[in-house]
Amino acid sequence: LIERGDCIGTLVHEYYLLTVAHCAADLDLGDSLTVNGKQHSVADIILHPQWNQRRDEYDIALIRFTEPVKDVTPLPIYRGDNETGSLITLIGRGVTNTGLKGERGGNDDGQLRRCTNVVSSVDDHFIEIRFERPGEEGITPLEGVGAAGDSGCPAFIEIDGISYIAGLNSWGDGPRGVRVGQYGAFDYQTRVTQYLEWLD
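Residue positions are counted from 1 within each chain, in the order its sequence is given. The predicted origin of the model limits local features to residues at a pLDDT of at least 70 and limits the giving and counting of side-chain atom pairs to 80 or more, whereas totals for whole chains, interfaces and linings rest on all residues. In computing side-chain properties, one takes all heavy atoms of the structure into account and sets aside hydrogens as well as water.

Caption draft 1: Local environment of the state of the cysteines. Any two cysteine sulfur atoms lying within 2.5 Å of each other are counted as a disulfide. One pass over the structure, following the stated rule, counts one disulfide. The side chain of Cys7 participates in a disulfide bridge whose partner is Cys23; the two sulfur atoms lie 2.0 Å from each other. Negative torsions about the S-S bond denote left-handed disulfides, and the value of about -75° found for Cys7 with Cys23 makes this one left-handed. Taken as a pair, Cys7 in the segment before β1 (10–13) and Cys23 in helix α1 (residues 21–24) lie far apart in primary sequence, 16 residues in all. The same class applies to Cys7 as to Cys23, namely buried. Cys115 takes part in no disulfide bond, and the closest cysteine sulfur, belonging to Cys153, lies 7.5 Å away. Per the convention used, a helix needs a DSSP run of H or I reaching at least four residues, while a strand needs a run of E reaching at least two, with both numbered from the N terminus. Summary of the burial criterion: residues with accessible area below 20% of their type's maximum are buried, those above 50% are exposed, and those between are partly exposed, where the area comes from a 1.4 Å probe applied to protein chains only.

As structure tokens, this is what we get:
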């Protein structure tokens, strides 16, 4: 979204990218963003009006282009309310490492990767997932969480073969002694369904 290894936005309309506010706040009108290898000029940066950079809540934004993106199919937004227990797939270009080492010292090669996880809980702002260790109950074949550079990346829920954007990677944390990206760490996605009225 901003530069390699720093934030992602997802096309949800021919004129609009969906991302997190803490990434969109770093953009300026007239900036150029790359969508499918082509440059598109930013016409408007729409941060959620209740977002505050000192807090994590309301971490959602839209970026409007001056011209429509014609060569990419926008992705649909999840409109259900049953995320808990669902399998989600995160797509991102952030640092990559093992669950033993976590985010620190991760490799930043700019490659697009995916991981899966099961939603452990939701609240008025976030979808929560946990990075299970091998052998733990609930682990998925591509178990993982977001890390530095994955902010704004989409978290998809698949329904009838269609991937819907249910979350946007926002922040991570770990219990005592566990760092971001290590086994046992938590990852939080902005819960898109809580902002449907604003988005519409």
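Caption draft 2: Quick look at the packing of aromatic side chains. Two rings belonging to Phe, Tyr or Trp (six-membered ring only in the last case) form a pair when the distance between their centres is within 6.5 Å. Interplanar angles under 30 degrees mark stacking, angles over 60 mark edge-to-face geometry, and anything in between is tilted. Enumeration over the complete set of coordinates arrives at five aromatic pairs. Ring centres of Phe126 and Tyr188 lie 6.3 Å apart, and the angle between their planes is 75°; this geometry places the pair in the edge-to-face category. Taken together, the positions of Phe126 in strand β8 (residues 126–130) and Tyr188 in strand β11 (residues 186–191) put the pair 62 residues apart, joining distant regions of the chain. Under the relative-accessibility criterion, Phe126 is labelled buried at 7%.

Caption draft 3: Expanded view of unusual backbone geometry. Residues other than glycine seldom take positive phi values, yet Cys7 does so here, at roughly 80°. Positive phi is not limited to glycine here, since Asn36 has a value of about 55°. Tracing the backbone through its elements, the reader meets Asn36 in the loop between β3 (32–35) and β4 (38–47). We classify Asn36 as exposed; its relative accessible area is 55%.

Caption draft 4: Inspection of the sheet that holds β11 at higher detail. Between any two strands, at least two bridges found by DSSP are needed for them to pair. The strand order β6-β7-β8-β11-β10-β9 describes a closed barrel built from six strands, whose pairing is antiparallel. Geometrically, the sheet is characterised by an average inter-axis angle of 45° between neighbouring strands, direction not taken into account. Pairing geometry for strand β6 (residues 87–92) and strand β9 (residues 154–159), over two bridges, is antiparallel. Bridging from a neighbouring strand, Thr89 pairs with Phe156 of β9. Under this scheme, a helix contributes an axis fitted over its contacting stretch, all axes are lines through C-alpha atoms, and angles between N-to-C directions fall in the 0 to 180 degree range.

All we've got here are geometric facts, nothing functional implied.
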